[in-house]
Amino acid sequence: MPQNSRRSFLKDLSVGLGAFSIANPLPDLAAEAVPKTPRKLGIALVGLGNYSTKQLAPALESATDCYLSGIVTGTKDKESVWRAKYGIKKANTYNYENFDSIASNDDIDIVYIVLPNSMHAEYTIRAAKAGKHVICEKPMALNAAEGQAMIDACKANGVMLSIGYRLHFDPNTIEIMKLAEERPYGPIKYVQSEAAFAIGNNLDAWRLNRELAGGGAVMDMGIYCIQAARYATGEEPIAIRAQETKTDWGKFKEVDETVTWQMEFPGGAYSNSTTSYNLRANRLYVSYAQGAALLEPATKYTGIKGRVFRGQNPVRTLEVQTVNQQERQMDGFARGVREGIPSIVSGEEGLRDMKVIDALYRSLATGGKRVEI
Ligand code: NDP
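Residues numbered from 1 in each chain as written. Predicted model: local features only at pLDDT ≥ 70, side-chain atom pairs only at ≥ 80, totals over all residues. Heavy atoms only, no water.

(A) Spotlight on the overall build of the protein. Each helix and strand in the protein was counted, giving 10 helices and 15 strands. Taking 373 residues into account, the globule formula puts the C-alpha radius of gyration at 21 Å, and the protein, at 20 Å, falls close to it. Each principal axis of the C-alpha distribution contributes one length, and for the protein these read about 60 × 55 × 35 Å. Evaluated residue by residue, the protein yields a buried proportion of 55% over its 373 residues. Across the protein, every contact between residues at least 6 apart in sequence was considered, and the portion connecting residues at least 24 apart equals 68%. With an accessible surface of roughly 15900 Å², the protein has 50% of that area assigned to carbon and sulfur atoms. Each charge class in the protein was averaged separately, 44 positive and 42 negative side chains, and the resulting centres sit 2 Å apart. (Helix = DSSP H or I, 4+ residues; strand = E, 2+ residues; numbered from the N terminus. Rg over C-alpha atoms; globule rule 2.2 N^0.38 Å. Buried < 20%, exposed > 50% of the residue type's maximum accessible area, 1.4 Å probe, protein only. Contact = heavy atoms within 4.5 Å. Areas by Shrake-Rupley, 256 points an atom, 1.4 Å probe, with all protein chains shown as cover. Lys, Arg positive; Asp, Glu negative; His and termini not counted. Charge placed at Lys NZ, Arg CZ, Asp CG, Glu CD.)

Here's what the structure looks like:
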């Protein structure tokens, strides 16, 4: 979405959020233009792992503009369990081999890719060729070249592409974006973003396998830090320096464990971020010339909260908002598909992060040298 449209979207959204109860879903910005109750769009989840099971499928039960109409799984046992739980037709059940025949299924408008990272590009491109709109989980791909190929495939097949950046639907995160946009405390000087968790001891986990994950903590959690630095400044980084620390060479022999990096922004802001699979951190701090903002936690599904400061004095509390980020994200995309409005978390938005990740790994490969993005 062009920056101006995005700005007016944020403005409209904040007006809407002020007027609506926070328990309500996103205000339907185009409600007045739609005369009758529109059809709910059918979503097929591809890959029935943790995120699909615990977050996306439950969110689809309360969604207003879309519903769970299909599943794609490589695990036979999951088929009957999911069909019974969500009332999914047998004809709407696919596996990875017959996935392409989804093209002829009118119950499925949108395919949501929730697979290990290395499978995102392949299944997004196959879904696009099947004529289905696509939501793809983060990171959209293993690198920018793959991300570009996904965008090209969606354009060539006339379908929309969105990335699973649920935080763009969290009201407190939207407040951070507005502070970047409106700059009530002057220019942005510094952003600190941290996103990390301890991955556990299952050495078979795909997240520890380079071929499936493409990288380690950077790909999985570091992408939240990159997103945060970008939306907290409202700018695209121009250069990066990255450093890696590894303490467990066995567990992390294929992927990165802990990475810290600094980015330069064209307006003069500077960011410092840390991600890891071996410690816990979840925080966003933004320093403005005359104030600051803090979100802590900054990336959770629920419970994101923080404060805004003028100078060093707290002037506003960003209270916990009881919204369902995933429901808003999927409803927002479904409405966009119906009305022909591109996603605010488009493939292009995902590609910007992939370019930063490419540059980050180039910097690591050169021992931390400054790399232009
Ligand atoms: P899981 O490991 O829990 O699930 C992945 C699923 O993919 C598996 O259950 C399996 O489903 C399918 N799969 C197909 N091939 C393979 C393979 N070779 N190895 C492992 N699984 C395979 O992962 P998550 O659900 O945690 O993550 C999936 C994606 O979602 C990732 O890209 C991740 O980054 C993203 N994610 C995003 C979050 C967000 O907040 N936006 C939060 C969590 C994850 P089946 O048995 O049905 O075939």
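Having seen the model, we can carry on.
(B) Structural context of the sheet that holds strand E1 (residues 41-46). Taken together, the 6 strands give an open sheet; going across it, the order is E3-E2-E1-E4-E5-E6, and neighbouring strands pair in parallel fashion. Edge positions in the sheet fall to strand E3 (93-94) and strand E6 (161-163), since each has one partner strand and no second. Here strand E2 (residues 66-72) runs beside E3; their pairing, made up of 2 bridges, is parallel. Of the residues in E3, the one forming a bridge with Ile 71 is Thr 93. Packed onto the sheet, helix H9 (residues 325-339) meets E1, E2, strand E4 (110-113), strand E5 (133-136) and E6 and runs at close to 155° relative to E5. (Pairing = 2+ DSSP bridges. Axes fitted to C-alpha atoms, helices over the stretch in contact; angles between N-to-C directions.)

(C) View of the site of the ligand. The immediate surroundings of the ligand are formed by 26 residues, with Thr 73, Thr 75, Lys 78, Tyr 96 and Arg 166 found nearest. Here an oxygen atom of the ligand sits 3.0 Å away from a polar atom, N or O, in the main chain of Tyr 51. Between the ligand and Lys 138 there is a distance of 2.8 Å, counted from an oxygen atom to a backbone nitrogen or oxygen. Contact with the protein chains covers 82% of the free accessible surface of the ligand, which is 890 Å². (Near = heavy atom within 4 Å. Polar contact = N/O pair within 3.5 Å; in protein donor to acceptor, adjacent residues only side chain to side chain.)

(D) Geometry of the sheet that holds strand E15 (residues 371-372). Taking strand neighbours across the sheet as the criterion, the 9 strands line up as E14-E13-E12-E11-E7-E10-E9-E8-E15 in an open arrangement whose pairing is mixed. Either end of the sheet is taken by a strand with one partner, and the two such strands are strand E14 (313-318) and E15. Note: strand E7 (residues 188-198) against strand E10 (residues 270-276), 7 bridges, orientation parallel. Note on E10: the bridge partner recorded for Gln 192 is Asn 272.

(E) Inspection of the packing of aromatic side chains at higher detail. Under the defined criterion, the tally for this structure stands at 7 aromatic pairs. With 5.7 Å between their ring centres and 70° between their planes, Tyr 96 and Tyr 123 make a pair best called edge-to-face. Of this pair, Tyr 96 sits in the loop between E3 and E4 while Tyr 123 is found in helix H4 (residues 120-129), placing the two residues 27 residues apart along the sequence. Taking relative accessible area as the criterion, Tyr 123 reaches 4% and is therefore assigned buried. (Phe/Tyr/Trp six-rings, centres within 6.5 Å; stacked < 30°, edge-to-face > 60°.)

(F) Quick peek at helix H3 (residues 76-86). Looking at H3, one finds that the buried residues are Glu 79, Trp 82, Arg 83 and Tyr 86. Angular distribution of buried residues about the axis of H3 spans 100°; they occupy a single face of the element. Facing away from the buried side of H3 by over 90 degrees, the exposed positions are Asp 77, Val 81, Ala 84 and Lys 85. If you follow the buried residues of H3, they end up packed against E1, helix H2 (50-62), E2 and E3. (Arc of directions from axis to C-beta.)

(G) Broad picture of the nonpolar core. Counting 76 residues, the largest nonpolar core has Val 46, Ile 102, Met 140, Leu 161, Trp 261 and Leu 284 as the members making the most contacts within it. In terms of residues, this core owes the most to one element, helix H8 (residues 217-233), which gives 11 residues. Residues from two domains meet in this core; each of domain 2 (41-165) and domain 3 (171-322 + 345-372) gives at least three. Not counting residues up to four positions away in its chain, the partners in contact with Val 46 are Val 72, Tyr 96, Phe 99, Val 111, Tyr 112, Ile 113, Val 114, Leu 115 and Tyr 123. Counting residues in hydrophobic clusters, the runner-up holds 25 residues, among them Leu 45, Ala 59, Ile 71 and Ile 110. (Core = buried A, V, L, I, M, F, W, Y, C linked by side-chain atoms within 4.5 Å. Domains from an automatic or database assignment.)

(H) Inspection of the pairing of E4 at higher detail. With burial as the criterion, each face of E4 is covered, one bearing Ile 110 and Tyr 112 and the other bearing Val 111 and Ile 113. As judged from the 4 bridges shared by E1 and E4, these two strands associate in the parallel manner. Looking at E4, one finds that Ala 44 is bridged to Val 111. When E4 meets E5, the two strands line up parallel, connected through 4 bridges. By the bridge assignment for E5, Ile 110 is matched with His 133. For the crossover that starts at E4, traverses H4 and ends in the parallel E5, the hand is right-handed. (Right-handed = clockwise from strand over helix to strand, strands pointing away.)

Shape is all these values report; function is a separate question.
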